[in-house]
Amino acid sequence: MRFMSKHHSADPASRPIRRRLLTAAAGTVLSTMVGLGAAHASSLLFLVEDVPSGLDLDGPSIAIPTSQLGMAQLIEPLIAYEKKAEPNEDGVFMPDFTKPVGRLLESWDYDPATVTWTLHVRKGVKSCAGNTLTADDLMYTFERSLNVGSAVPNGWFLLNMAGVKGYTSDVFSTDPAVATAAKKRMHEGINKVDDYTVTIQQEKPNPLLLVNLAVGNSQGIYDSKEMKKHATEKDPFSYDYANNVNAPSFGPYCLESWTKNSEIRFKANPDYYRGKAAIETAIFKKVPQGGNRISILRSGQAQLIQSMTPNQYDSIRKMPGLKVSGVTGNEGLFVVMNFNTPPFDNIKLRQAIAYAMPYQRIIDVGYSGQAKQWESVVPSSYPSFVKHEPGYTYDVEKAKALLAEAGYPDGKGLEDFAEQFKLTYVAEKETTLGPVVNQIRTALTGVGIPVTLDPIPQTQYGDRQIVKKDLAFAVNDQEKPIGVDSGYAMQLFFVSKEAGGLNNMMNYKNKELDDTWAKARIEPDTAKRDAMLADMQGWLMRDLGWLPLVEFKTQWAHSDKLKGLTWNPSNAVLIYDLHY
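Definitions and cut-offs
- The numbering scheme is per chain: residues are counted from 1 as the chain's sequence reads.
- Per-residue local features of the predicted model are confined to residues with pLDDT of at least 70, and side-chain atom pairs are confined, for both listing and counting, to 80 or more; whole-chain, interface and lining totals are unaffected and use all residues.
- Water and hydrogen atoms play no part in the side-chain values, which are based on all heavy atoms of the structure.
- Runs of H or I in DSSP of at least four residues are treated as helices and runs of E of at least two as strands, each being numbered from the N terminus.
- Throughout, exposure labels follow a simple rule: accessible area from a 1.4 Å probe, protein chains only, divided by the maximum for the residue type, with under 20% read as buried, over 50% as exposed, and the rest as partly exposed.
- When checking whether two residues touch, look at their non-hydrogen atoms; a contact exists if any pair is within 4.5 Å.
- In these tables, accessible area is a Shrake-Rupley quantity obtained with a 1.4 Å probe, and a residue counts as shielded only by the protein chains included in the view.
- At least two DSSP bridges between two strands are needed for those strands to be called paired.
- Think of each axis as a best-fit line through the C-alpha atoms, taken over the contacting stretch in the case of a helix, with angles from 0 to 180 degrees between the N-to-C directions.
- The way it works is a 1 Å grid over only the protein atoms, where trapped points that fit a 1.4 Å probe form a cavity and open points with protein on both sides within 12 Å along at least five of seven lines form a pocket, and then any residue with an atom within 4 Å of a point lines it.
- Grid points are joined across faces, edges and corners, and a volume is the space filled by probe spheres set on the points.
- Each residue is assigned to one of three groups, with Ala, Val, Leu, Ile, Met, Phe, Trp, Tyr, Cys and Pro labelled nonpolar, Asp, Glu, Lys and Arg labelled charged, and all others, Gly among them, labelled polar.
- Disulfides are defined as pairs of cysteine sulfur atoms found within 2.5 Å of each other.
- The crossover handedness rule: strands pointing away from the viewer, path from first strand over the helix to second strand clockwise, crossover right-handed.
- In what follows, salt bridge is the name for a side-chain nitrogen of Lys or Arg lying within 4 Å of a carboxyl oxygen of Asp or Glu.
- Distance and chemistry together define a polar contact, namely a pair of N or O atoms within 3.5 Å, with one atom able to donate a hydrogen and the other to accept it when in protein, and with adjacent residues in sequence counting only for side-chain atoms on both sides.

J.: Run through the overall build of the protein, naming residues and quoting values.
T.: The number of helices and strands found in the protein is 20 helices and 19 strands. Relative to its full complement of 580 residues, the protein shows a buried share of 61%. For the protein, restricting intrachain contacts to residue pairs at least 6 apart in sequence, the fraction spanning at least 24 positions comes to 71%. Element-wise, carbon and sulfur atoms account for 51% of the exposed surface of the protein, whose accessible area totals about 21800 Å².

Put into C-alpha cells, the structure is as follows:
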C-alpha cells in the first residue's frame, strides 16, 4: 500500500500544489483514506471539470454534462437496460438496448387495440426523505412536465415524441389557468388507476415510449411529497428548489451538500430498493486543470477523473496503480452555425466552412488520432445511421469557390461580421477544445474567414445554447441523444419547436423534415421508417443543420482497484455501479 507521506516525499516539487488542492478537494472525508483505495474504503473522490450548476430535469442546466452527472445519482428512472454479462475490452460494462428492465416500474403491459400502456409501480420503494413511492409521484412528475415554469420542456418533449395523448401543446406556463387546462389535457393520455398503477394512452402506435421512459436524465421521477413542501404561489412545481437546492427522488444517493462552482457530496440512500450502494460517500470536486486532476489521482486521494485529452489518457495508462477505461458510444464534436444569425443563413457560406474544415488535423492534433470523421448528424453507433455521400472533405479550392458563390470572394465583406465569427466554446474545456479551435481558426482564416476565439463559462454556454439559442458560431462536444434512436436524435436537435423539437440550438427550420418525422415516428414498417430517417439525415447534411466534425471515445481514468464502470447513453458515471 502506498502511503501519502511516502508518495509526496518522492515528488517534492509538486508538494505545495498538491497539498493545497487535496485539502480543498477532500476535506475531512479523505483524511481517513489511505493509498489508492483499500478494499474496505467506502468513499470516492471524483474530480471533474465542473460541478452541477442545476439539478432540475426541466432547468437551464439540463444539457450540461456535469449537471446530468449530478442528476443521475439522485433521480431514479422508470426503466433502464439490462447490463451485458461481460465488459468490453476496457473493462466497461455495456447495456443491452434490446432488453429494457424495470426500475421504478415493476412491469408494464401493452394493449394494441387501445394503444394503451399499463405501468405497474414498484412497491416498497423509499425516497431519501423516507416517503414511499406511489402512482402519485408519477402523476406529479408528468403533470409538472406540462407546466414548465423553468427553462426547458424536457419531460414534455419525451412524452410528446412518444405520441402520448394530451402532450401536443407547446405552450408552457405556471399561470393557474394554463396549469388547470394542462392538467385536464394530461388526463387525455395519462391516468392513475390505483396507488400502484398508471395508464398511458398514445394517439397511434409509436415505438418510442419505452425508449423515452428509459431516458433517466429526463424521465426520472420526483418525490412529490418533498417537492410540494417547497412550492410557492409563484413556483407551484418547485423549479427554483430543484434547480438550486435539491432534486428529491428515489435514487441510490441522497444529496449531502452542494457548493456551486466547487463541489457536491452524495450519501448512499440507506433505503434504496436495489440495496444500499457499496460506496457510502461520493464527492464530486471541481478541479479545472487536467494536469492537477492527474496529480491528485496519482497521489491516491482521488479515485476517478474525466475529461482529459487523449494524450493525457495515454500517459495515465503507463502509470502504476491506474487504469483508463472507455467506450465508443455517442459522443461527437460539431460546429453550430445559427440560422437566425447572418451571414450563417447563407447555405453557400455554411458549405464553404464545411469544406474549409481541417478534419484530419483536428483528429491528429485535437484527439491524437483517437477519433474518426463524423459523417452524419446522428451517432454512427445508433440504429438507422446513414453515412453522408459523397461527404465533406478538406478542400480549400472548393471552399473558396463556395465562398465566392455566397457573395464573399476571398472573404471580402465578412469583416462586417466580426462579432458573429467569434467561435464560442466552453472555457472549462480549454485543455481538450483549445487545440481544436485553434486548428479551426487557422484553417478558416486561411480561406478568408475572420475567426476569433471566444471561450465562455460552462453555465453561460449552456444557457445560451438551450434557453436563449443565440450562439452564432460555436463548437460543441457535449450534446448527445440519450434516447437510442436516430429519429429521437433528429427530433431533439433539428425538428422545429412548432413540430415538437426541443434543443434546436441552430434555429434550423425545414417543413419537409418536420412533416417526414411526423410520419416516421408512427411508421410501423421498419424499412419504410429507415428510408424516411435516411432522407432526413441527407437533408440535414446538405443544409448543415450542424456541421459534424469527429466522433470520439468516452474515457475515464481511475484507480485500478475501482471496479464496475458501466456506460449509459448519458455518459454519466453511475456511482451505484462502482465498488472496490
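Text resumes after the structure shown.
J.: Help me get a handle on the sheet that holds strand β12 (residues 322-327), residues and values and all.
T.: On the basis of which strands lie adjacent, the open sheet formed by seven strands has the order β8-β9-β10-β1-β11-β19-β12 and mixed pairing. In this open sheet, the two edge strands, each paired with only one partner strand, are β8 (253-259) and β12. Shown here is a sheet whose adjacent strand axes are inclined to one another by a mean of 20 degrees, direction ignored. Sheet topology places strand β1 (residues 43-48) next to strand β10 (residues 281-286); six bridges connect them, and they run parallel. Considered in β10, the bridge of valine 48 is made with lysine 286. Helix-sheet contacts for helix α11 (residues 290-299) involve β1, β11 (304-306), β12 and β19 (554-559), and the interaxial angle to β11 is about 165 degrees. Each of β11, β12 and β19 touches helix α12 (residues 310-317); the most contacted strand, β19, lies at about 35 degrees to it.

J.: Explain the sheet that holds strand β4 (residues 105-111) residue by residue, including any values.
T.: The four strands lie next to each other as β4-β5-β7-β6, forming an open sheet whose pairing is antiparallel. Each edge of the open sheet is held by one strand with a lone partner, namely β4 and β6 (190-194). Neighbour-to-neighbour, the strand axes of this sheet turn through a mean angle of 20 degrees, independent of strand direction. Inspection of the sheet shows β4 paired to strand β5 (residues 116-121) by six bridges, in the antiparallel sense.

J.: Help me get a handle on the layout of surface pockets, residues and values and all.
T.: By volume, the largest pocket is sized at about 580 Å³. Every residue lining the largest pocket is counted, 33 residues in all, and those nearest its centre are Pro77, Ala80, Arg103, Asn568 and Leu574. Taken together, the elements giving at least two residues each to the lining of the largest pocket come down to α3 (65-74), β2 (79-83) and α8 (216-219). Looking at which element gives the most residues to the lining of the largest pocket, the answer is β2, with four residues. A per-class count over the lining of the largest pocket returns 21 nonpolar, seven polar and five charged.

J.: Let's hear about the state of the cysteines: which residues, and what values?
T.: Evaluation of the coordinates by the stated rule reveals one disulfide. The partner cysteine of cysteine 128 in its disulfide is cysteine 254, sulfur to sulfur 2.0 Å. Here the disulfide of cysteine 128 and cysteine 254 is left-handed, its torsion about the S-S bond being about -95 degrees. Of this pair, cysteine 128 sits in the loop between β5 and α4 (135-145) while cysteine 254 sits in strand β8, and the two are 126 residues apart along the sequence. On the basis of relative accessible area, cysteine 128 is assigned to the partly exposed category, the value being 36%. The class for cysteine 254 is buried, based on a relative accessible area of 14%.

J.: Quick one: what's the story with the pairing of strand β15 (residues 422-426), residue by residue and with numbers?
T.: Here β15 lies mainly inside the structure; four of its five residues are buried. One ladder, built from five bridges, connects β15 with strand β16 (residues 452-456); its direction is parallel. Looking across to β16, one finds that lysine 422 is bridged to threonine 452. The handedness of the β15 to β16 crossover, carried by helix α16 (residues 430-446), is right-handed.

J.: So what's going on with the environment of alanine 472? Residues and values would help.
T.: When you line up the elements, alanine 472 lands in the loop between α17 (458-468) and β17 (473-476). A relative accessible area of 14% means that alanine 472 is categorised as buried. For the pair alanine 472 and methionine 505, spaced 33 residues apart in sequence, the C-alpha separation works out to 9.5 Å. Beyond its immediate sequence surroundings of up to four residues, alanine 472 is in contact with Val336, Met337, Asn338, Thr341, Phe344 and Gln420.

J.: Requested: an account of the pattern of salt bridges, with residues and values cited.
T.: Summed over the entire model, instances satisfying the criterion amount to 26 salt bridges. A salt bridge links lysine 286 to aspartate 50; the shortest N-O distance between them is 3.6 Å. Of this pair, lysine 286 sits in strand β10 while aspartate 50 sits in the loop between β1 and α3; the two residues are 236 residues apart in sequence, bridging distant segments of the chain. In this structure aspartate 50 comes out as buried when scored by relative accessible area, which is 5%. Put simply, lysine 99 and aspartate 96 hold a salt bridge, and the shortest N to O gap is 3.9 Å. Relative accessible area serves as the criterion here: at 39%, lysine 99 is assigned to the partly exposed category. Each of Asp56, Asp58 and Arg144 takes part in salt bridges that share partners, so that together they form one network.

J.: Pulling in residues and values, what's your account of the side chain of arginine 122?
T.: For arginine 122, the location among the structural elements is in the loop between β5 and α4. With a relative accessible area of 17%, arginine 122 lands in the buried category. Here leucine 105 takes part through its backbone oxygen, which lies 3.4 Å from a polar atom of the side chain of arginine 122. Among residues more than four places away in sequence, those in contact with arginine 122 are Gly102, Arg103, Leu104, Leu105, Glu106, Leu133, Tyr196 and Tyr273.

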